[in-house]
Amino acid sequence: MNVNNSFVIKHALAFNAFFVLNYLAWLIGFQSIAPVIFTGLLIYFCYFAVDSFKFKHALPLLVILYLGFLSLGTVATSWDARSIWLFHAKRIFIDNSIFAQLDDYAIWSHNDYPVIAPLLSASFAKLIGFWNEIFPKASNVFFILPPLLIFYGHINNNRLFTLMVIGIFYIIAKLLLNGYMDGILALYALSTLIIAKYYFYDKQNVGLLFILQSIVLVNIKIEGFFIFAVIIASIFLTKPHITYANLKRYIICLVPIIFWALWKFIVHAHGVVNYIYGGLATNNLISLLDHVKSRFQPDSLLMIFEHTLLFKYYLLLALPLLFYRKIVNVQLDQIIKASLLFFALYWLFLFTVYVLTPHDLYWHLKGSATRTTLPLQLISLWIPILILKNYLSHKG
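Residues numbered from 1 in each chain as written. Predicted model: local features only at pLDDT ≥ 70, side-chain atom pairs only at ≥ 80, totals over all residues. Heavy atoms only, no water.

> Please provide a residue-by-residue account of the nonpolar core, values included.
One broad rule of soluble globular proteins: the nonpolar side chains tend to lie buried together. Phe19, Phe151, Ile168, Phe200 and Trp382 are the most contacted members of the largest nonpolar core, which has 137 residues in total. Ranked by the residues each element gives to this core, the list is headed by helix H9 (residues 182-200), at 14 residues. When residues no more than four places from it in sequence are discounted, the contact partners of isoleucine 168 are Leu148, Phe151, Ala173, Leu176, Leu187, Leu378 and Leu381. (Core = buried A, V, L, I, M, F, W, Y, C linked by side-chain atoms within 4.5 Å. Buried < 20%, exposed > 50% of the residue type's maximum accessible area, 1.4 Å probe, protein only. Helix = DSSP H or I, 4+ residues; strand = E, 2+ residues; numbered from the N terminus. Contact = heavy atoms within 4.5 Å.)

Here it is, written out as structure tokens:
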């Protein structure tokens, strides 16, 4: 990190630690202390606010306060927010159990989805003593803070960070505070990639932050695990050099994978099936091959490309890269290379998902592509800002 290492790392680590601690409390049956954990989170946030003004790093705090007030002023009305994430949180709160959704009631609510965010909402509801559709949703704003701190620390420039925040507001927009998880997932995807860069390339002492950040990432949505795998692949392929020290760092990646696998095991043990995987499981090999073959027809491929690659934000990525050497006159640094590789690998993952989906392709793309591609859209904003940062550093 470039700006006050201790400030950024300490606070990003602490907030992620609260999220993971709350998750573990519910998981091992200590949900009675969940309100205590959430109270601790609120107290720590007050400490963070004082620290932010003390060290003159108040921009991330101001952004979170702004988002918090907006979130408290809006009710959840969108389908995924109301009928999946807040519905899971409400069931957890009422049943007082992390496993509430695993009876597979209301199968349309995707009962196999991870619950780290709904658990924080349920803890907030336990603290205030009742459920409504506003206060629990507002707890999601806390998840935005660690990524913002990591962006702030890496950019190390108030004007560029402000530009980054404006871009985030423009691209992710209402998905930051309407109860959906897609915007939070995109922020965690990019910020975990940045922390992975410091952990694997620069050998900075951010191992615990990397682990906690990754645990949260893989437990936000199902895609989180695949994003984590893409991040590790991008980091490795950008600099494919294995030493004993590096190997130990890669072994640590097993920790978030264990958390992910544990939830998948619990879901499987309860007989809950993902709607995509469930649809595929009903097909034999011949039917599956015929299904995939149909997706490689020109009209289907064109539909996938149109919904996953034709975003105006990608122009932000293309133009600076074309003129990078002329602008900065140096080679692409490792974080830009890793970000580009992430873009390519994650798009291949999305392409595979849409090829395999048992649902009507147009319906699936129309309802999800603008959200599933958010990490790619965010990368398209991030790389030009990095190029501008490198230009200013080179010029200075």
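So much for the structure itself; the text now carries on.
> Report on H9, specifying residues and quantitative values.
In a regular helix each residue adds 1.5 Å, so 19 residues correspond to 27 Å; H9 covers 26 Å between its end C-alpha atoms and thus fits that length. For H9, a buried count of 19 out of 19 residues is recorded, marking the element as mostly surrounded by other parts of the structure. (Expected span 1.5 Å × (residues − 1).)

> Pulling in residues and values, what's your account of helix H13 (residues 254-269)?
Along its 16 residues, H13 runs 22 Å from first to last C-alpha, staying within 8% of the 22 Å computed at 1.5 Å per residue. All buried positions along H13 are accounted for by Pro256, Phe259, Trp263, Ile266 and Val267. On an axial view of H13, the arc spanned by its buried residues comes to 105°, and they lie on one face. Turned more than 90 degrees away from the buried face of H13 sit Ile258, Phe265, His268 and Ala269, all of them exposed. Looking at the buried residues of H13, the elements they touch are helix H1 (5-27), helix H10 (207-218) and helix H11 (223-238). (Arc of directions from axis to C-beta.)

> How would you sum up empty space enclosed by the protein? Please name residues and give values.
Following the criterion strictly, the structure yields two cavities of 30 Å³ or more and no others. For the largest cavity, the calculated volume is near 40 Å³. Around the largest cavity sit Trp85, Leu86, Ala117, Pro118, Ser121, Asn140, Gly179 and Met181, which together line it. For the lining of the largest cavity, the elements supplying multiple residues, two or more each, are helix H4 (79-95) and helix H5 (116-128). By residue number, the principal contributor to the lining of the largest cavity is H5, which donates three residues. Among the residues forming the lining of the largest cavity, the class breakdown is five nonpolar, three polar and no charged. In this model, the second largest cavity occupies a volume close to 40 Å³. Lining the second largest cavity are Asp182, Leu185, Glu223, Tyr346, Arg371, Thr372, Leu374 and Pro375. If you list the elements that add at least two residues to the lining of the second largest cavity, you get H9, helix H20 (361-372) and helix H21 (374-395). Taken together, the residues of the lining of the second largest cavity break down into four nonpolar, one polar and three charged. (1 Å grid on protein atoms, 1.4 Å probe; cavity = no way out; pocket = protein on both sides within 12 Å on 5 of 7 lines; lining within 4 Å. Points joined across faces, edges and corners; volume = space filled by probe spheres on them. Nonpolar A, V, L, I, M, F, W, Y, C, P; charged D, E, K, R; others polar.)

> Which residues make up the packing of aromatic side chains, and what values go with them?
In the structure shown here, the tally under the stated rule is 37 aromatic pairs. The interplanar angle of 75° and the centroid separation of 5.0 Å between the aromatic rings of tyrosine 199 and phenylalanine 200 together place this pair among those described as edge-to-face. The same class applies to tyrosine 199 as to phenylalanine 200, namely buried. Ring geometry for phenylalanine 236 and tyrosine 250: centres 6.0 Å apart, planes at 80°, overall edge-to-face. Taken as a pair, phenylalanine 236 in helix H11 and tyrosine 250 in helix H12 (residues 244-251) lie far apart in primary sequence, 14 residues in all. A relative accessible area of 29% places phenylalanine 236 in the partly exposed class. For tyrosine 250, a relative accessible area of 17% gives the class buried. A connected cluster of aromatic rings, assembled from ring pairs, spans Phe7, Phe15, Phe18, Phe38, Tyr44, Phe45, Tyr47, Phe48, Phe55, Phe124, Phe135 and Phe142. (Phe/Tyr/Trp six-rings, centres within 6.5 Å; stacked < 30°, edge-to-face > 60°.)

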